[in-house]
Amino acid sequence: NAMFVKMADEAYNIGPAASAQSYLRGDYIIELAKSCGAQAIHPGYGFLSENAGFAEACFAAGIEFMGPPVPAITAMGSKSASKNIMNAAGVRCVPGYHGEDQSNETLMKEAEKTGYPIMLKAVSGGGGKGMRIVRSPDEFLEALEGCRREALASFKDDRVLLERYIENPRHIEFQVFADKQGNAVHLFERDCSVQRRHQKVWEEAPSPGMSPELRAKMGKSATDAAQAVGYVGAGTVEFIFDADTNEYFFMEM
């Protein structure tokens, strides 16, 4: 009885309500697509939409994956790798540490270099998991252990990165569209600063207090970010904006 099922020309049951037995069954979805003659799969949001393995399987089956190419999904799937790419492309990232050396000593040294307060984040994180705010060196090791435990449980990857914690932030994201010829445009911004537990609960467009000059500058950074990874299709480039200094930094895509 769902509206999208009623509006479809053909509809196929992909399994029971549990996502592991339906929405995450990439192999079965591809088999269905082949059996009904579908030439493309739109993965929707969540589930398989950012799954590089599923995108690869679609291409291998001769089915168009309506989303970014595999290298872009892989590059942007890691918070640390994506920041290295952005820095190389001239898109500023929050000062911090995204290196491979994960020893306690190195992380503590880098925290001192970045300056407190800092934010600890899981490298493969998302959904507000594996994040800790640390305000002094005394709290660092305990927060690091907690962050690693949560990251390992949630993402099977206990690597972390460090970022300067911005006390008075705004979360502003730009919608981008890119084609296969290397062109990218942005379709303006949304302000997502109203959050609970680092998760957006309210989005407002256009962003309040956004000047035409700042919009043009941030929009160019967003399209530069998309082009730096060879992005294709629709994507969201997220920035953290420091309301105290009027600086903005790339967060993730």
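You'll find the structure just up there.
Residues numbered from 1 in each chain as written. Predicted model: local features only at pLDDT ≥ 70, side-chain atom pairs only at ≥ 80, totals over all residues. Heavy atoms only, no water.

Novice: So what's going on with the nonpolar core? Which residues, and what values?
Specialist: Within the largest apolar cluster, 25 residues are counted, with the highest numbers of intra-cluster contacts made by M86, M218, V237, F239, F250 and M253. Secondary structure elements with two or more residues in this core: α4 (70-77), β7 (169-178), α8 (212-228), β10 (233-242) and β11 (247-252). Looking at which element gives the most residues to this core, the answer is α8, with five residues. (Core = buried A, V, L, I, M, F, W, Y, C linked by side-chain atoms within 4.5 Å. Buried < 20%, exposed > 50% of the residue type's maximum accessible area, 1.4 Å probe, protein only. Helix = DSSP H or I, 4+ residues; strand = E, 2+ residues; numbered from the N terminus.)

Novice: Could you give an account of the sheet that holds strand β4 (residues 118-122), naming the residues involved and the relevant values?
Specialist: Pairing is antiparallel across the open sheet formed by four strands, whose spatial order is β3-β6-β4-β5. Because the sheet does not close on itself, it has two edges, and the strands there are β3 (96-97) and β5 (131-134). Bridge count for β4 against β5 is four bridges, and the pairing is antiparallel. From the neighbouring strand, K121 faces β5, where its bridge partner is M131. Running over the sheet, helix α7 (residues 137-155) touches β4, β5 and β6 (160-164) and is turned about 170 degrees from β5. (Pairing = 2+ DSSP bridges. Contact = heavy atoms within 4.5 Å. Axes fitted to C-alpha atoms, helices over the stretch in contact; angles between N-to-C directions.)

Novice: Before we move on, could you go through a nonpolar patch on the surface and cite the residues and values that matter?
Specialist: A contiguous nonpolar patch, built from F4, V5, Y23, L24 and F47 and spanning about 510 Å² of accessible area, is present on the exposed surface. Take Y23: it is sitting in the loop between α1 (3-7) and α2 (26-36). Overall, the relative accessible area of 42% leaves Y23 in the partly exposed class. (Patch = residues over 30% accessible without salt bridge, like charges linked within 9 Å, V, L, I, M, F, W, Y side chains within 5 Å. Areas by Shrake-Rupley, 256 points an atom, 1.4 Å probe, with all protein chains shown as cover. Salt bridge = Lys/Arg side-chain N within 4 Å of Asp/Glu carboxyl O.)

Novice: Give me the lowdown on the environment of V201, citing residues and values where you can.
Specialist: With respect to the secondary-structure elements, V201 resides in strand β9 (residues 199-204). On the basis of relative accessibility, which here comes to 48%, the residue V201 falls in the partly exposed class.

Novice: Got a sec to walk through the pattern of salt bridges? Specific residues and values, please.
Specialist: Per the stated rule, a full pass over the model turns up 19 salt bridges. Taking the shortest distance from any N to any O, the salt bridge between D27 and R25 comes out at 3.2 Å. Judged by its relative accessible area of 51%, D27 falls in the exposed class. Residue R25 is classed as partly exposed on the basis of its relative accessible area, which comes to 33%. Between K121 and E163 there is a salt bridge, with its nearest N and O atoms 3.1 Å apart. Note that K121 is positioned in strand β4 and E163 in strand β6, a separation of 42 residues in sequence. With respect to burial, K121 and E163 carry one shared label: buried. Each member of the salt-bridge network shares a partner with another, and the members are E173, R190, K200, E203 and E238.

Novice: Now, about the packing of α4 against helix α5 (residues 79-88): what can you tell me, with residues and values included?
Specialist: Packing of α4 against α5 brings their axes to within 5 Å, and their N-to-C directions diverge by 105 degrees. Comparing the axis directions of α4 and α5 gives the class roughly perpendicular. In this structure, α4 contributes A75, M76 and G77 to the contact, and α5 contributes K79, A81, S82, I85 and M86. Looking at the contact of α4 with α5 residue by residue, the classes come out as five nonpolar, two polar and one charged. (Parallel < 35°, antiparallel > 145°, perpendicular 65-115°, else oblique. Nonpolar A, V, L, I, M, F, W, Y, C, P; charged D, E, K, R; others polar.)

Novice: Residue-level account of the pairing of strand β8 (residues 184-196), with values.
Specialist: Pairing geometry for β7 and β8, over six bridges, is antiparallel. Its bridge partner being in β8, V176 is matched across the sheet by H186. Here β7 folds back onto β8 in antiparallel fashion, the turn holding five residues, of which G182 has a positive phi close to 90 degrees. In the sheet, β8 pairs with β9 via four bridges, with the strands oriented antiparallel. Bridge pairing in β9 places V194 opposite W202. Where β8 folds back on β9, the antiparallel hairpin that results is connected by two residues, among which R197 adopts a positive phi of roughly 55 degrees.

Novice: Help me get a handle on unusual backbone geometry, residues and values and all.
Specialist: Glycine aside, a negative phi is what most residues show, and trans is what most peptide bonds show. Between Y116 and the following residue, P117, the backbone shows a cis peptide bond with an omega angle of 0 degrees. Inspection of the secondary structure puts P117 in the loop between α6 (104-114) and β4. A cis amide bond links A205 with the next residue in sequence, P206, at an omega value of -5 degrees. Along the chain, P206 turns up in the loop between β9 and α8. Positive phi, close to 55 degrees, is recorded for K156, a residue that is not glycine. Structurally, K156 is set in the loop between α7 and β6. Despite not being glycine, F188 shows a phi value in the positive range, around 75 degrees.

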